[in-house]
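Notes for the structure review
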Amino acid sequence: MSLGTRNITQRITVNTGAAETLDGDGYSIPWPVNLTVLPGSGGTILVEWQNAHGGSWTAWPHGTVSAKTVGILNGPVYALRFTAAVANGIVEVAQ
């Protein structure tokens with residue numbers, strides 16, 4: 001037996017030296033969005049969002065994190081950007 005509606009999940013590897021960007025390909029990313037951020041050992045990850053194409057980037061409320069952190073974005077955004085420092089990490093996204 002299954003319960004609920006189908007959701008979209010992604011597991012993104014964030015390598016140091018190059019930010020990973022997830023965008024809605026011209027549409028707002030469906031929300032709410034549950035983010036689980038898993039920095040690599042000794043590393044950090046910064047999560048940011050962009051409200052409009054070409055707009056400024058805004059850091060999520062948790063700032064740069066160095067330990068597993070879970071957050072929820074409760075409104076539409078155009079794109080998400082993940083930047084790892086020191087060690088590669090993982091971001092899990094569920095909508």
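Read on for a plain summary of the structure. (Residues numbered from 1 in each chain as written. Predicted model: local features only at pLDDT ≥ 70, side-chain atom pairs only at ≥ 80, totals over all residues. Heavy atoms only, no water.)

1. Let's talk about the nonpolar core
In this structure, Leu35, Leu80, Phe82, Val91 and Val93 are the most contacted members of the largest nonpolar core, which totals 19 residues. Not counting residues up to four positions away in its chain, the partners in contact with Leu80 are Glu20, Thr21, Leu22, Ile29, Val33, Leu35, Glu48, Trp49, Trp57 and Leu73. (Core = buried A, V, L, I, M, F, W, Y, C linked by side-chain atoms within 4.5 Å. Buried < 20%, exposed > 50% of the residue type's maximum accessible area, 1.4 Å probe, protein only. Contact = heavy atoms within 4.5 Å.)

2. Digging into the sheet that holds strand β4 (residues 44-50)
If you trace the 4 strands from one edge of the open sheet to the other, you get β2-β7-β4-β5, paired in antiparallel fashion. Only two strands of the sheet have a single partner each, and these edge strands are β2 (20-23) and β5 (57-65). With direction set aside, neighbouring strand axes in the sheet form an average angle of 20°. The sheet contact formed by β2 and strand β7 (residues 79-85) spans 4 bridges and is antiparallel. Its bridge partner lying in β7, Thr21 is registered against Arg81. (Pairing = 2+ DSSP bridges. Helix = DSSP H or I, 4+ residues; strand = E, 2+ residues; numbered from the N terminus. Axes fitted to C-alpha atoms, helices over the stretch in contact; angles between N-to-C directions.)

3. Concerning the sheet that holds strand β3 (residues 33-38)
If you walk across this open sheet you meet the 4 strands as β1-β8-β3-β6, and the pairing is antiparallel. Edge strands, defined here as strands with exactly one partner in the open sheet, are β1 (9-14) and β6 (69-73). Neighbour-to-neighbour, the strand axes of the sheet open up by a mean angle of 20°, direction not taken into account. For β3 and β6, the ladder comprises 5 bridges, and the chain directions are antiparallel. Paired with Val33 across the strands is Leu73, a residue of β6.

4. Topic: the pattern of salt bridges
Counted according to the given criterion, the structure contains 2 salt bridges. Linking Glu92 and Arg11 is a salt bridge whose minimum nitrogen-to-oxygen distance equals 2.3 Å. In this pair, Glu92 is assigned in strand β8 (residues 89-94) and Arg11 in strand β1, connecting sequence segments 81 residues apart. Owing to a relative accessible area of 28%, Glu92 belongs among the partly exposed residues under this scheme. Here Glu48 and Arg81 are joined by a salt bridge, their closest N and O atoms 2.9 Å apart. Within this pair, whereas Glu48 is found in strand β4, its partner Arg81 is found in strand β7, the two being separated by 33 residues in sequence. Judged by relative accessible area, which is 10%, Glu48 ranks as buried. (Salt bridge = Lys/Arg side-chain N within 4 Å of Asp/Glu carboxyl O.)

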